[in-house]
Amino acid sequence: MKMRARYITYILAGIAVISAIFLTKDKIAEASNKVYLNETDLTLELGHYRTLKVYGSKQKPTFKSANNRAATVSSNGKVTAKGWGSTTIYTYVGNKTLRTKVTIVQMNKKDLTLLPGKTYQLALWGSNNSTTWKSSNSKVATVSDKGLVTAVGNGTATITATFNGKKITSKITVFGLNHDSVVLEYGGRFSSTRANYGSKVKLQAVGTKDKATWSSSNTKVATVDKNGKVTAKGPGNAKITVEVNGSKVSTDIKVLQMEHSQLELKKGQTFDLNVLGTNNDISWRTLNNTVVKVDDNGVVTAVGSGTTKVIAEVDGMKIRSIITVK
């Protein structure tokens, strides 16, 4: 009998707990004879919304905005931010008037593309000095206490401004090119300790997947297609520029050309070789001095019959001329 009474006590206690859990805010408010709103101090991002809800009354509320240019409110209490600034939303329930302060904020730049080392001043319009700033990835971009963003390395980061408990974000993309400068050879092949580009090279915008637009400053020297593929067209200098979201970065392209990549000489004959597209010092050598000799100025002297190569080293590159002596 005692055991049965104990079970009944447990059951009643459980029912009491469940009843307490399912007691709504409305019932709590009604029990205390208090009418209140779910929001009395609301911060919204421009274009966003929040719905007001009345607790403690079964009467249908009506709503009004003091400044529809800042925020509007619908008949069901949906508050929509229309322009940064502030306003008051009035909620009328019976003979009671409830007020909600609404502050609308807007990030001056929601999507920003920068080059490494560049800065940009972010601002949360409609906020005040209590705003705090934070970067999700300081290896890509840092942000000061005042919202000054500094691009550090290629990639993406999110800058978050927190004001009145509301978090507003800006996406930061930092990008560069896979080559700062490139030397190409027009009309031949060359090798280099740095790379072997030949007459073409593929440039890439590193750190972004957004659309890239490519252009050349001198298409007579080098052209570039929509995918960043650069092709040497003649000796000289050009800049290949890529633009992503309004930000631009360039790579210097130098195109070299052996003025005579193939020669036929007679024994004893001399010829002055020259590399076009550069004014820098050139180092000359022959691969077989029993066929030809070459001096420091690129003057070749045919010595004996055969075929060999004369190599010009300039701007970190090796360019060859194939010479046949008959």
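Check the entry above for the structure.
Here the structure is a predicted model, which means the values were calculated and not measured. (Residues numbered from 1 in each chain as written. Predicted model: local features only at pLDDT ≥ 70, side-chain atom pairs only at ≥ 80, totals over all residues. Heavy atoms only, no water.)

Our next topic: the packing of aromatic side chains. Any two aromatic rings considered together are summarised by their centre-to-centre distance and by the angle between their planes. This model, assessed by the stated rule, comprises three aromatic pairs. Taken together, a centroid distance of 5.4 Å and an interplanar angle of 35° make the contact between Tyr 36 and Tyr 55 tilted. With a gap of 19 residues between them, Tyr 36 in strand E1 (residues 36–37) and Tyr 55 in strand E4 (residues 54–55) connect regions that are remote in the sequence. For Tyr 55, a relative accessible area of 12% corresponds to the buried category. Between the aromatic rings of Tyr 90 and Tyr 92, the centroid separation amounts to 6.5 Å while the plane-to-plane angle is 15°, which identifies the pairing as stacked. (Phe/Tyr/Trp six-rings, centres within 6.5 Å; stacked < 30°, edge-to-face > 60°. Helix = DSSP H or I, 4+ residues; strand = E, 2+ residues; numbered from the N terminus. Buried < 20%, exposed > 50% of the residue type's maximum accessible area, 1.4 Å probe, protein only.)

Now for the sheet that holds strand E32 (residues 292–294). Pairing is antiparallel across the open sheet formed by three strands, whose spatial order is E29-E33-E32. The open sheet terminates on both sides in strands that have one partner only, identified here as strand E29 (270–272) and E32. Here the strands of the sheet are splayed against their neighbours by 20° on average, with no regard to which way each runs. (Pairing = 2+ DSSP bridges. Axes fitted to C-alpha atoms, helices over the stretch in contact; angles between N-to-C directions.)

Here we come to the environment of Met 107. Of note, Met 107 is situated in strand E9 (residues 96–107). Along the primary structure Met 107 and Ser 170 are separated by 63 residues, whereas in three dimensions their C-alpha atoms are 7.3 Å apart. If sequence neighbours within four positions are ignored, Met 107 has contacts with Leu 122, Ala 123, Leu 124, Trp 133, Ile 159, Ala 161, Ile 168, Thr 169 and Ser 170. (Contact = heavy atoms within 4.5 Å.)

Below, the discussion takes up the sheet that holds strand E21 (residues 200–202). One open sheet holds the three strands; their spatial order is E21-E25-E24, and the pairing between them is antiparallel. Since the sheet does not close on itself, it has two edges, and those belong to E21 and strand E24 (222–224), each with one partner. The mean inter-strand angle of the sheet, taken between neighbouring strand axes irrespective of direction, is 20°.

Formed by 21 residues in total, the largest nonpolar core has its most connected members in Phe 175, Leu 184, Trp 214, Val 230, Ile 240, Val 242 and Ile 253. Of all the secondary-structure elements, those providing two or more residues to this core are strand E19 (181–185), E24, strand E25 (229–232), strand E26 (236–244) and strand E27 (247–258). The biggest single contributor to this core is E26, with four residues. Excluding residues that lie within four positions of it along the chain, Val 230 makes contacts with Leu 184, Ser 199, Lys 200, Val 201, Leu 203, Ala 222, Thr 223, Val 224, Ile 240 and Ile 253. Core analysis: the next-biggest nonpolar cluster, separate from the first, contains 20 residues, Trp 284, Ala 302, Val 310 and Val 325 among them. (Core = buried A, V, L, I, M, F, W, Y, C linked by side-chain atoms within 4.5 Å.)

Turning our eyes to something else, we now look at unusual backbone geometry. You will see that Asn 164, though not glycine, has its phi angle at about 55°, which is positive. Tracing the backbone through its elements, the reader meets Asn 164 in the loop between strand E16 (155–163) and strand E17 (166–174). For Asn 164, a relative accessible area of 44% puts it in the partly exposed group. Unlike most non-glycine residues, Asp 315 shows phi in positive territory, near 55°. Inspection of the secondary structure assignment puts Asp 315 in the loop between strand E34 (306–314) and strand E35 (317–325).

What follows deals with the pattern of salt bridges. The final tally for this structure, using the stated rule, is six salt bridges. The partner of Arg 50 in a salt bridge is Glu 39, with the nearest N and O atoms 2.9 Å apart. With Arg 50 in strand E3 (residues 49–51) and Glu 39 in the loop between E1 and strand E2 (41–45), this pair connects stretches of sequence that are eleven residues apart. On the basis of relative accessible area, Arg 50 is assigned to the partly exposed category, the value being 37%. Of the residues examined, Glu 39 reaches a relative accessible area of 16% and is grouped as buried. (Salt bridge = Lys/Arg side-chain N within 4 Å of Asp/Glu carboxyl O.)

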